[in-house]
Amino acid sequence: MTSGVTPFFGLLAKTKYSVVWLEQIRETFAFELYHPNPVMVATGADLLHREVNLTLIHEIGHQPMTLAESALDSHHDESGIMRDGGNNGIDADFAPGTVARFRRTLQWTRGQHE
């Protein structure tokens, strides 16, 4: 299941964006949304809200993205919330390598690193 994507269009692209498919996330939690379990601490709405937020955080984490990083899909090797497939509900923090990449970035809009 893909909940979001951040495409990279090449060196000449001026527009970068991320897409989060709310319908896909909603369908994942459809049963919990419409058949609440009174024993569960988190409601279906809580689960939906958390998954949307974690997907957004994962997609934002793909920026800045250089052409080389896009071709190699290297952000998913950073683990934490950037692992392939996004979050797993447990490891929902940015890994040290991701934080280091953020700090090395001179211009987020162009994906230029030091």
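For clarity, every value in this text was computed on a predicted model and none was experimentally measured.

Draft legend 1. Quick peek at the overall build of the protein chain. In terms of regular secondary structure, the protein chain is built from five helices and four strands. In the protein chain, the succession of helices and strands from N to C terminus is β-β-α-α-α-α-α-β-β. With 114 residues in all, the protein chain has 32% of them scored as buried. Here the contacts in the protein chain between residues at least 6 apart in sequence split such that 45% fall between residues at least 24 apart. Element-wise, carbon and sulfur atoms account for 59% of the exposed surface of the protein chain, whose accessible area totals about 7,400 Å².

Draft legend 2. Representation of the packing of aromatic side chains in the model. Considering all chains together, one arrives at one aromatic pair under this definition. Between Phe94 and Phe102, the aromatic rings sit 5.1 Å apart at their centres with planes inclined by 80°, giving edge-to-face as the arrangement.

Draft legend 3. Broad picture of the environment of Glu78. Inspection of the secondary structure assignment puts Glu78 in the loop between α4 (67-72) and α5 (96-104). Distance in space between the C-alpha atoms of Glu78 and Thr98 is 6.2 Å, their sequence separation being 20 residues. Residues in contact with Glu78, not counting those within four places in the same chain, are Ala95, Gly97, Thr98 and Arg101. Separated by 2.8 Å, the side chains of Glu78 and Arg101 make a polar contact.

Draft legend 4. Geometry of the pattern of salt bridges. All chains considered together, the criterion is met by two salt bridges. Its salt-bridge partner being Glu27, residue Arg26 comes within 3.1 Å of it at the nearest N-O pair. Given a relative accessible area of 48%, Glu27 falls into the partly exposed group.

Draft legend 5. Quick peek at the environment of His76. Mapped onto the elements of the fold, His76 is located in the loop between α4 and α5. Classification of His76 as buried rests on a relative accessible area of 16%. The spatial distance from the C-alpha of His76 to the C-alpha of His58 is 9.7 Å, given a sequence separation of 18 residues. With sequence-adjacent residues up to four places away left out, His76 is seen in contact with His58, His62, Met82, Arg83 and Asp84.

Draft legend 6. Highlighting α5. All of the buried residues in α5 are Thr98, Arg101 and Phe102. The buried residues of α5 occupy an angular sector of 100° when projected down its axis, which confines them to one face. Residues of α5 that are exposed and point over 90 degrees away from its buried face: Pro96 and Arg103.

Draft legend 7. View of the confidence of the model for the protein chain. This prediction gives the protein chain a mean pLDDT of 75; 68% of its residues lie at or above 70. Model confidence for the protein chain, summarised as mean pLDDT per element, is weakest for strand β4 (residues 112-113) at 58 and strongest for α5 at 87.

Draft legend 8. Layout of helix α3 (residues 44-60). With 17 residues, α3 should cover 24 Å at 1.5 Å per step; its first-to-last C-alpha distance of 24 Å lies within 8% of that length. Those residues of α3 not exposed but buried are Gly44, Glu51, Val52, Leu54, Thr55, His58 and Glu59.

Each value, and the rule that gives it
- Residue numbers here run from 1 along each chain, matching the order of that chain's written sequence.
- Where local features are concerned, this predicted model is filtered to residues with pLDDT of at least 70; where side-chain atom pairs are given and counted, the filter is 80 or more; whole-chain, interface and lining totals use all residues.
- Only hydrogens and water are set aside when side-chain values are computed; all heavy atoms of the structure are taken into account.
- By definition, any uninterrupted DSSP run of H or I lasting at least four residues is a helix, any uninterrupted run of E lasting at least two residues is a strand, and each is numbered from the N terminus.
- Categorising residues by exposure relies on relative accessible area from a 1.4 Å probe, with only protein chains included: less than 20% of the type maximum marks a residue as buried, more than 50% marks it as exposed, and the intermediate range marks it as partly exposed.
- Only heavy atoms matter for contacts: two residues are in contact if any of them lie within 4.5 Å across the pair.
- The method behind every accessible area is Shrake-Rupley, applied with a 1.4 Å probe, and residues are considered shielded solely by the protein chains displayed.
- Pairing of aromatic rings covers Phe, Tyr and the six-membered ring of Trp, with a centre-to-centre limit of 6.5 Å; geometry is then stacked below 30 degrees between planes, edge-to-face above 60, and tilted otherwise.
- Here a polar contact is recorded for every N or O atom pair within 3.5 Å, except that within protein the pair must consist of a potential hydrogen donor and a potential acceptor, and residues adjacent in sequence are included only if both atoms are side-chain atoms.
- A pairing counts as a salt bridge when a side-chain nitrogen of Lys or Arg comes within 4 Å of a carboxyl oxygen of Asp or Glu.
- The reported arc concerns the directions from the helix axis to the C-beta atoms and nothing else.
- For every residue, the predictor reports its confidence as pLDDT, a number between 0 and 100.
- Multiplying 1.5 Å by the helix residue count minus one yields the expected span of that helix.

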